[in-house]
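Remarks on the overall topology
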Amino acid sequence: MTSPILKSAATVHKPSATAAFAGGSVAVSSAVGGSVVKLKLPGRSFASRIMPVLNAVASRIVPPLVMILAILAVWQFLGSKPGATLPPPSKIWTEAYDLIVDPFFVAGPQDIGLGWRVLISLQRVAIGYGLACLIGIMLGTLIGQSVWAMRGLDPIFQMLRTISPLAWLPISLAAFRDSQPSAIFVIFITAVWPIIINTAVGIRNIPQDYRNVAAVLRLNHVEFFFKIMIPSAAPYIFTGLRIGIGLSWLAIVAAEMLTGGVGIGFFIWDAWNSSRLSDIVVALVYIGLIGFALDRIMALLATIVTRGTASN
Amino acid sequence: MSPYLKIDHLSKTFTRGSQSTEVLSDITLSIEKGEFVSIIGHSGCGKSTLLNIVAGLVSSTTGGVLLENREVNEPGPDRAVVFQNHSLLPWLTVYDNVRLAVDKVSSSVKTRTERHDWTMHNLNLVQMSHAKDKRPAEISGGMKQRVGIARALAMEPKVLLLDEPFGALDALTRAHLQDSVMAIHERIGNTVMMITHDVDEAVLLSDRIVMMTNGPCATIGEVLEVPLPRPRVRLALAADPTYLKRRHRVLEFLYERHRFVEAAA
C-alpha cells in the first residue's frame, strides 16, 4: 500500500528542486505521513533558486548543441573519406581560421573580415527594406481601406509578387545603370509584397467595434490611422515585416553575387571563382546566423509593439 | 415644449441586391431630459438598429432623429454609446481608453490637469480607478463594461446610449452593474436610452419601457410607464406590487401578444 505512494512522493520530490513544485511536495508528504517526511525537503537556498533558471537555460541550449555536434561529426566523417568533394570541418577550421576568429580585420581594399562584408550587405538591406516598410504599409493601408484600390491593385500585386527577385535585377540595372541602387531595388521589390498584403489584411480585419468607437469619438483620419488602424493591424503588419526581412536577406546574397562589390554575396561568388570552398562554408554560417538574428529581432520587436493587441 | 430627444416617424430598410427588408417601420418616440428609457423586444426586432440610428452609426431610410431640435445623422460624442462587447481598445490601458475620449472631446475646453482629473473622476464613478493601469485583457468582463461606461460618461453626452450593456455578463455581475448604473443616473441625472432583452432589468432601471413588436417591420407596440420612486432597491422591489404588475405587463407583451417566431427573424 505504501509503496505506490512513496513512489509518487519521490517523483514529486525530484522536480521539487524547481521552487514551484516545492509546495506540492509538502502537501503530498504531509498527507501520506511519517515515512515520507523523511525525504529531505529542499530549503529555499541559493542552489534551489538558481536551479530552475539553469534548468530552463540548459533545456534550451543543450539539445541544439548536441545536434550541432552530431552534424559536425557526420560531416567530418563524410568529408574525410577519400574522394570527398567538400572539405570536412577540421579542414575548414585550419583553412579559414582568420575569417572565423576575426570578423573585423582589414588587410586591403578587397581583403576584409566577413563582419565588414555582412555590415555592408546589411546596410543595403536596411535601405531597401526600410523603403519597403514605408511604401508597403502605405499601399497596404490604401488597399485595406478602399474597396476600389483593392479591386484595382490586388490582382496586379498578386501577380508581381510571384516574380523571382533576381528577375527584377536586369530591369533595375537598366533603369538605374548602377549596381548599388539596383541591389537596393531588388531588396525593396522582394520585401514589399508580403508587407503590402499583410497590412491590407490587417486593415480589413479591424473590428467594426473599433471603427464605431472612432466614429463616436469623431477621430479624424490622422488620429484614426495612428490610434486605431496601426495598433489594431499591428500583429498582421509585423507578420508581413517579419516575412519581408527574411526575404530581403535571401535576396541580398543573390543580388550581390551578380552586382559585385564588397558584400557577403559577392564574397561567396569570389571565393567560388578562386576555389576557396572553406571560405564559402564560413560565409554561409555567417549568413545563416545573421538571418536568424534578424528574424528574432523582428519577432522581439513584434511582441513588444503588439503587446496586448492580440490578446483580447 | 418640444422633447429633448425625438425619434420622428423613423423607418429603416436594408437593401441587399434586389431584396429589401423593412426592419423598422414608423417609429416615433420622445424622450425627456434626465429620463431613463429602455427598449425591449425579441432578438432580431431591430432594436439595436434603432440605437445605431440614434447614435448616427447607421442612417435612417425615412424619418429622423432630433436632439434638442437639431437633426442628428452622424455619430458624435453628444450621444455616447456603451457597446455590448465593451469595445475597449486592447492596446490601451484602462486609463488611456477613457483618456482618449476625454482628450478628443474636451481638449479645447480643459487643461491637461483637468482632463486627467476628469478621467479619474469617471473611473472613480464606476469604481475602476484601482485598475487604471491594467489593459482590458487583464480585467474581467464586468470591469471592462464599467470602463466602457466610464468612457461614455467621460464624453459628457447629452444622451447615453446603452446597447445591451450587460448582455454578455453573468447574472451576479449584471445585477451589480445595474445598481451602479442606477446610482450614476441618480447622481448625474443623465438621459439614458438602453436596449435590453431582460425584463427585470428594464423594469428595475427605467422610467419608461418601450416594447417593440417582432420584425420585420418592427414598430413600437406599447409604452409602459414605471412609476416606481427612486432610489430603487432591488430587494425591496422584489415583492412590490407595482413592480410585479409592470413586470407582468412586459412579460405578457413579449410572450403572449408578440411571441418570438424564429422564422420572423
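Everything discussed here concerns the structure shown above.
Please read these numbers as outputs of a predicted model, since none were measured by experiment. (Residues numbered from 1 in each chain as written. Chains lettered and ligands numbered in written order. Predicted model: local features only at pLDDT ≥ 70, side-chain atom pairs only at ≥ 80, totals over all residues. Heavy atoms only, no water.)

The subject of this paragraph is the interface of chain B and chain A. Contacts between chain B and chain A engage 26 residues on the former and 19 residues on the latter. Buried area between chain B and chain A, summed over both chains or domains, comes out near 1900 Å², and the portion from carbon and sulfur atoms is 66%. Run the count over chain B and chain A and you get two salt bridges. Its salt-bridge partner being Glu 223 of chain A, residue Lys 104 of chain B comes within 2.9 Å of it at the nearest N-O pair. Summed over the shared surface of chain B and chain A, the number is four residue pairs in polar contact (both at pLDDT 80 or more). When contributions to the side of chain B that touches chain A are tallied by element, the ones reaching two or more residues are β6 (79-82), α2 (94-106) and α4 (141-154) of chain B. Per-element accounting of the side of chain B that touches chain A gives the leading share, four residues, to α2 of chain B. Grouping the constituent residues of the side of chain B that touches chain A by class yields 16 nonpolar, four polar and six charged. (Contact = heavy atoms within 4.5 Å. Buried area = accessible area lost by both parts, 1.4 Å probe. Salt bridge = Lys/Arg side-chain N within 4 Å of Asp/Glu carboxyl O. Polar contact = N/O pair within 3.5 Å; in protein donor to acceptor, adjacent residues only side chain to side chain. Helix = DSSP H or I, 4+ residues; strand = E, 2+ residues; numbered from the N terminus. Nonpolar A, V, L, I, M, F, W, Y, C, P; charged D, E, K, R; others polar.)

A separate point is a nonpolar patch on the surface. Residues and elements named next belong to chain A. On the surface, a nonpolar cluster with roughly 770 Å² of combined accessible area is contributed by Val 53, Val 57, Ile 61, Val 62, Leu 65, Val 66, Ile 68, Leu 69 and Leu 72. Locating Leu 72 in the fold gives a position in helix α4 (residues 46-80). Look at Leu 72 and you get partly exposed, because its relative accessible area is 34%. (Patch = residues over 30% accessible without salt bridge, like charges linked within 9 Å, V, L, I, M, F, W, Y side chains within 5 Å. Areas by Shrake-Rupley, 256 points an atom, 1.4 Å probe, with all protein chains shown as cover. Buried < 20%, exposed > 50% of the residue type's maximum accessible area, 1.4 Å probe, protein only.)

Moving on, we come to the environment of Leu 153 of chain A. Residue and element names in this part refer to chain A. Tracing the backbone through its elements, the reader meets Leu 153 in helix α8 (residues 147-160). Here Leu 153 falls in the partly exposed class, since its relative accessible area comes to 26%. In sequence terms Leu 153 and Leu 139 are 14 residues apart; their C-alpha atoms lie 9.4 Å from each other. With residues near it in sequence (within four places) discarded, Leu 153 still touches Leu 142 and Ile 143.

For the rest of this paragraph, the subject is the environment of Asp 117 of chain B. Residue position: Asp 117 of chain B is located in helix α3 (residues 112-125). Considered as a pair, Asp 117 of chain B and Arg 249 of chain B are 132 residues apart in the sequence and their alpha carbons are 44 Å apart.

Bringing the packing of aromatic side chains into the picture now. All names here are of chain A. In the structure shown here, the tally under the stated rule is eight aromatic pairs over all chains. Between the aromatic rings of Phe 104 and Trp 116, the centroid separation amounts to 5.2 Å while the plane-to-plane angle is 85°, which identifies the pairing as edge-to-face. A residue pair is termed long-range when its members are at least 10 positions apart, and Phe 104 in the loop between α6 (97-101) and α7 (114-145) and Trp 116 in helix α7 qualify at 12 residues. Look at Trp 116 and you get partly exposed, because its relative accessible area is 34%. Ring centres 5.0 Å apart and planes at 85° place the aromatic pair Phe 225 and Phe 226 in the edge-to-face group. (Phe/Tyr/Trp six-rings, centres within 6.5 Å; stacked < 30°, edge-to-face > 60°.)

Next up on the list: the packing of α7 of chain A against α8 of chain A. Residues and elements named next belong to chain A. It is the contact of α7 with α8, at a shortest axis distance of 6 Å, that shows an interaxial angle of 125°. Accordingly, the angle class assigned to the pair α7 and α8 is oblique. Contacts between α7 and α8 involve Leu 139, Leu 142, Ile 143 and Gln 145 from the former and Val 147, Ala 149, Met 150, Leu 153 and Phe 157 from the latter. For the contact of α7 with α8, the residue count by class is eight nonpolar, one polar and no charged. (Axes fitted to C-alpha atoms, helices over the stretch in contact; angles between N-to-C directions. Parallel < 35°, antiparallel > 145°, perpendicular 65-115°, else oblique.)

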